[in-house]
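Coordinate analysis (summary)
Here is what each chain is made of, one letter per residue.
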Amino acid sequence: MIQPLAYIHPQAKIADNVVIEPFVTIHKDVEIGEGTWVGSNSVIMDGARIGKNCRIFPGAVVSAPPQDLKYRGEASTVTIGDNTVIRECVTLNRGTALDKNTTNIGSNCLLMAYVHVAHDCIIGNNVIIANSVQLAGHIKVHDHAFVGGTSAVHQFVEIGAHSMISGGSLVRKDVPPYTKAGREPLSYIGINSVGLRRRGFSAESINEIQEIYRIIFLKKYNVTKALDIIEAQFNPTVERDEIINFVQNSQRGIMKGFGAV
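Residues numbered from 1 in each chain as written. Predicted model: local features only at pLDDT ≥ 70, side-chain atom pairs only at ≥ 80, totals over all residues. Heavy atoms only, no water.

1. Focus on the pattern of salt bridges
Enumeration over the complete set of coordinates arrives at seven salt bridges. Arg-49 is paired through a salt bridge with Glu-31; the nearest N and O atoms lie 3.7 Å apart. Linking Arg-49 in strand E8 (residues 48–50) with Glu-31 in strand E5 (residues 30–32), this pair joins segments that are 18 residues apart in sequence. Between Arg-87 and Glu-88 there is a salt bridge; the shortest N-O distance is 2.8 Å. Using a relative accessible area of 29% as the deciding quantity, one classes Arg-87 as partly exposed. Classification of Glu-88 by relative accessible area gives partly exposed; the value is 25%. Salt bridges here are not isolated pairs; linked through shared partners, they connect Asp-29, Glu-31 and Arg-49. (Salt bridge = Lys/Arg side-chain N within 4 Å of Asp/Glu carboxyl O. Helix = DSSP H or I, 4+ residues; strand = E, 2+ residues; numbered from the N terminus. Buried < 20%, exposed > 50% of the residue type's maximum accessible area, 1.4 Å probe, protein only.)

Set out below in structure tokens:
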């Protein structure tokens, strides 16, 4: 159902059963999958690739050009996976040639009102980003992460899977998987045990994750020494290896441990 007061470029590719409300503007190079709903006064610009059964609320702007002085008008995209919800006044900027020419939002995500996702961000599946969070360019957010409202995330930061960042945080360093982060400066405040239990992690796995992070964040070792101890003391598991790989490959360095100065 397409309302007559909406403007849709004749070359835009709109699938069956898409609902487009009045005063929506859809540009030429746009693809929208089946069952998606686009609310009034939304603007879907060139380069948008929107999946099935998404919900885009009024005032959202999808695939605007990057707010990056290096951008020279090259073709690029914003990709949104299936079943993702984009709430009121969210802004999603498309990618640049500096990275892979795309900003990517996964499936089953919720981006609450006034979220900004800058160019070249990669957001995994089942991610929740609360109201007014601001993501700078080239940020990577892994599956099942939660970012609390009004947080600001520095460019090139990586946020690990199943992590949880408290509202109002200034995220300048990488946040490892399975952790909770809070305080100022952003610090380790435990593991996301409630979220892990809800997602079916065993008590054994949760305990192992907790013991690993005690070595990294609470024992006052440097990172290299902590990883050596973990590799020596813990048998390989999916969770152990994910933590080690994340910390070893961190480009900005990981957040502080509890009580660190």
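2. Topic: the UniProt feature "domain: UDP N-acetylglucosamine O-acyltransferase C-terminal" (unreviewed entry) in the chain
Residues given the UniProt feature "domain: UDP N-acetylglucosamine O-acyltransferase C-terminal" (unreviewed entry) here are residues 174–255. A helix fraction of 54% and a strand fraction of 11% characterise residues 174–255, whose end C-alpha atoms lie 6 Å from each other. (UniProt positions renumbered as here; feature names shortened; annotations may be inferred.)

3. Concerning the domain arrangement of the chain
Segmentation of the chain into domains returns domain 1 (7–141) and domain 2 (196–257). Averaged C-alpha coordinates put domain 1 and domain 2 at centres separated by 34 Å. (Domains from an automatic or database assignment.)

4. Considering the UniProt feature "domain: Mannose-1-phosphate guanyltransferase C-terminal" (unreviewed entry) in the chain
UniProt marks residues 3–56 with the feature "domain: Mannose-1-phosphate guanyltransferase C-terminal" (unreviewed entry), using the numbering shown here. Helix makes up 0% of residues 3–56 and strand 37%. Its end C-alpha atoms lie 15 Å apart.

5. Overview of the packing of helix H2 (residues 203–218) against helix H4 (residues 238–248)
The geometry of H2 relative to H4 is characterised by a closest axis approach of 10 Å and an angle of 30 degrees between their N-to-C directions. One element, H2, and the other, H4, form an angle in the roughly parallel class. Crossing hand, H2 versus H4: right-handed. Contacts between H2 and H4 involve Ser-205, Glu-208, Ile-209, Ile-212, Tyr-213 and Ile-216 from the first element and Glu-239, Arg-240, Ile-243 and Val-247 from the second. In terms of residue class, the contact of H2 with H4 is built from six nonpolar, one polar and three charged. (Axes fitted to C-alpha atoms, helices over the stretch in contact; angles between N-to-C directions. Parallel < 35°, antiparallel > 145°, perpendicular 65-115°, else oblique. Left-handed = near helix turned anticlockwise from the far one by under 90°. Contact = heavy atoms within 4.5 Å. Nonpolar A, V, L, I, M, F, W, Y, C, P; charged D, E, K, R; others polar.)

6. Quick look at the environment of Ala-48
In this structure, Ala-48 sits in strand E8. When its relative accessible area of 0% is taken as the criterion, Ala-48 is described as buried. The spatial distance from the C-alpha of Ala-48 to the C-alpha of Ala-136 is 19 Å, given a sequence separation of 88 residues.

7. Some words on the sheet that holds strand E23 (residues 158–159)
Read from one edge of the open sheet, eight strands run E2-E5-E8-E11-E14-E17-E20-E23, paired in parallel fashion. Taken across any chain shown, the strands that pair with only one partner, and hence form the sheet edges, are strand E2 (13–14) and E23. Of the strand pairs in this sheet, E2 and E5 are connected by two bridges, and their pairing is parallel. Of the residues in E5, the one forming a bridge with Ile-14 is Ile-32. (Pairing = 2+ DSSP bridges.)

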